[in-house]
Amino acid sequence: MIYEWRRYTLRPGLRGSFVSLFERHFVESQEEAGIGLVAMFEDVDRLDVIHWIRKFRDMEGRRRALEAFYLHSPAWKEHRDAANATMIDSDDVLLLRPSAPVPVPATGPLYEATICHLTPDAPPEVLQEFTWRTEHAENTFPALPVRLDVNVAVRLTGSPALALPDLSPWLTAPVEHLRLAPTPRSGMR
């Protein structure tokens, strides 16, 4: 499986509008195109940020599904301008592959995500502590940028997050800790 972790910065005060629009018009239409919607979260600490995760069978399946949605979906064609008007930045996208099973539901109302920027030589046993890691593949749908300049490991857990192993020998940037609240139709509630 291939996953995208999409982090959008929205115009101030428009996060609720974006979530409502997305959940009304883009859930079923993406699924019909072959895109698996894993989850959507509001960032608890940044009120104008949304995170959402989707999955594809493989990179070729990703290309076909994205073409079906963005080039042919009536829902996207009708509502894309309204969705795009809510966004400041939609290009912070991590292309990922699984490192471990997708997490069990949160024990409380929140999930926690940890994003670690690592050197390419981080040992495999360290990566097993994470849900996903960077998929180093060519972007098969260049109309939607993905971050090719990173090597990350991402862990998504029910809150509170478990302690990480010592990653200091392999870290290339500060560890990101995110507190995330599922949206009403999130696949992880």
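See the structure above.
Model, not experiment: these values are computed from the prediction.

Visitor: I'd like to hear about the packing of aromatic side chains, residue by residue, with values.
Guide: As enumerated under the stated definition, the model contains 14 aromatic pairs in all. With 4.8 Å between their ring centres and 65° between their planes, Phe22 and Trp52 make a pair best called edge-to-face. Here Phe22, found in helix H1 (residues 15-25), pairs with Trp52, found in strand E3 (residues 49-56); they are 30 residues apart in sequence, far enough to count as distant. Residue classification places Phe22 among the buried residues on the basis of a relative accessible area of 5%. With centroids separated by 5.6 Å and ring planes inclined at 45°, the aromatic side chains of Phe69 and Trp76 adopt a geometry described as tilted. With respect to class, Phe69 is no different from Trp76; both count as buried. Grouped by ring-pair contacts, the aromatic residues Tyr8, Phe18, Phe22, Phe26, Trp52, Phe69, Tyr70, Trp76 and Phe141 constitute a single cluster.

Visitor: Which residues make up H1, and what values do they have?
Guide: All buried positions along H1 are accounted for by Arg15, Phe18, Val19, Leu21, Phe22 and Glu23. Residues of H1 that are buried in the fold lie against strand E1 (2-10), helix H2 (27-32), strand E2 (36-43), E3, helix H4 (74-85) and strand E4 (87-98).

Reading the values: the criteria
Residues take numbers from 1 onward in each chain, read along the sequence in its written order. With the structure being a predicted model, the display of local features is reserved for residues of pLDDT at least 70 and the display and counting of side-chain atom pairs for 80 or more, all residues being used for whole-chain, interface and lining totals. Excluded from the side-chain calculation are hydrogens and water; included are all heavy atoms of the structure. Stacked, tilted and edge-to-face are the three classes applied to pairs of Phe, Tyr and Trp rings, where Trp contributes its six-membered ring and a pair requires centres within 6.5 Å; stacked means planes under 30 degrees apart, edge-to-face means over 60, and tilted covers the rest. Under the scheme used here, helices are H or I runs from DSSP no shorter than 4 residues and strands are E runs no shorter than 2 residues, and both carry numbers assigned from the N terminus. The classification of residues rests on relative accessible area computed with a 1.4 Å probe and restricted to protein chains. Under 20% of the type maximum is buried, over 50% is exposed, and intermediate values are partly exposed. Contact between two residues is taken to exist if any of their heavy atoms lie within 4.5 Å; hydrogens are not considered.

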